[in-house]
Amino acid sequence: MLESIRKIREQTGAGVIDVKKALDEANGDEIEAVKILRKRGLEKADKKNGRETKEGLIVSYVHTNGKVAALVKVLCETDFVARNEQFVDFVKDLAMQVAAMNPLAVSPEKIDENLVSEQKKIWLEDLKSENKPEEIKQKIIIGKENKFRKENSLLGQAFVKDPDRTVEDVLKEKISTIGENIIIDSFVRMEL
């Protein structure tokens, strides 16, 4: 049991008591306990949403080839958290994510509408040759738009260090673990 607790704590950053409760609830199943902890973490993160964020960090990342760089601004509630190693590492990971994955905006709804309109025209043109009812074509376009927005927004992308989770999942986990509201405010990416 102690080895399971240690392993899950390393994986999730949750407290000993929370891990023990999750393991008990999952009848000793480590994978299920991690799922329970993540679900609880998401619930905690949602409760912190909306709290004021006046502190934070701006972190840079320059790829080893010196041709790609990113600056990321992430906000939190206190300067204590802004200096927290876990928070700092998270912001560094986000800067690397931006450099590697080249998102267009922080969230799906922030993606430039003109770009989305251009994409829709391309998708509609591609669908013209297909013999499908108009309502089906519109559903396909909506699906393509949602996928486009998700894949091109920082929060919707698969996290570089753990592709099974999105950046938003990792953000919510950090909010739960650290105990403060955290907001990815903005980023800039440069490339030669």
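Scroll up for the structure.
Values in this document were obtained by computation on a predicted structure and should not be read as measured data.

Quick notes on the rules
Residues numbered from 1 in each chain as written. Predicted model: local features only at pLDDT ≥ 70, side-chain atom pairs only at ≥ 80, totals over all residues. Heavy atoms only, no water. Helix = DSSP H or I, 4+ residues; strand = E, 2+ residues; numbered from the N terminus. Expected span 1.5 Å × (residues − 1). Buried < 20%, exposed > 50% of the residue type's maximum accessible area, 1.4 Å probe, protein only. Arc of directions from axis to C-beta. Contact = heavy atoms within 4.5 Å. Phe/Tyr/Trp six-rings, centres within 6.5 Å; stacked < 30°, edge-to-face > 60°. Salt bridge = Lys/Arg side-chain N within 4 Å of Asp/Glu carboxyl O.

**Things to note about helix α6 (residues 113-127)**
- Across its 15 residues, α6 extends 21 Å between first and last C-alpha, which sits within 8% of the 21 Å expected from 1.5 Å per residue.
- Burial in α6 covers these residues: Val-116, Trp-123 and Leu-127. Here the buried residues of α6 occupy an arc of 40° about the axis, which is enough to place them on one side. Opposite its buried face, α6 presents the exposed residues Asn-114 and Lys-121, each directed more than 90 degrees away.
- Summarising the contacts, the buried residues of α6 are in contact with α7 (134-151).

**Focus: the packing of aromatic side chains**
- Here the structure, examined in full by the defined rule, presents one aromatic pair.
- Each ring, one from Trp-123 and one from Phe-148, has its centre 5.9 Å from the other, and the planes form 75°; the classification is edge-to-face. Of this pair, Trp-123 sits in helix α6 while Phe-148 sits in helix α7, and the two are 25 residues apart along the sequence. By the burial criterion, Trp-123 is buried, and Phe-148 matches it.

**Topic: the pattern of salt bridges**
- Following the criterion strictly, the structure yields 15 salt bridges and no others.
- The closest approach of N and O atoms between Lys-120 and Glu-145, which form a salt bridge, is 3.1 Å. In this pair, Lys-120 sits in helix α6 while Glu-145 sits in helix α7, placing the two residues 25 residues apart along the sequence.
- Glu-145 sits in the buried class, given a relative accessible area of 13%.
- A cluster of three or more residues bridged by salt bridges with shared partners is formed by Glu-113, Lys-120, Glu-145 and Arg-149.

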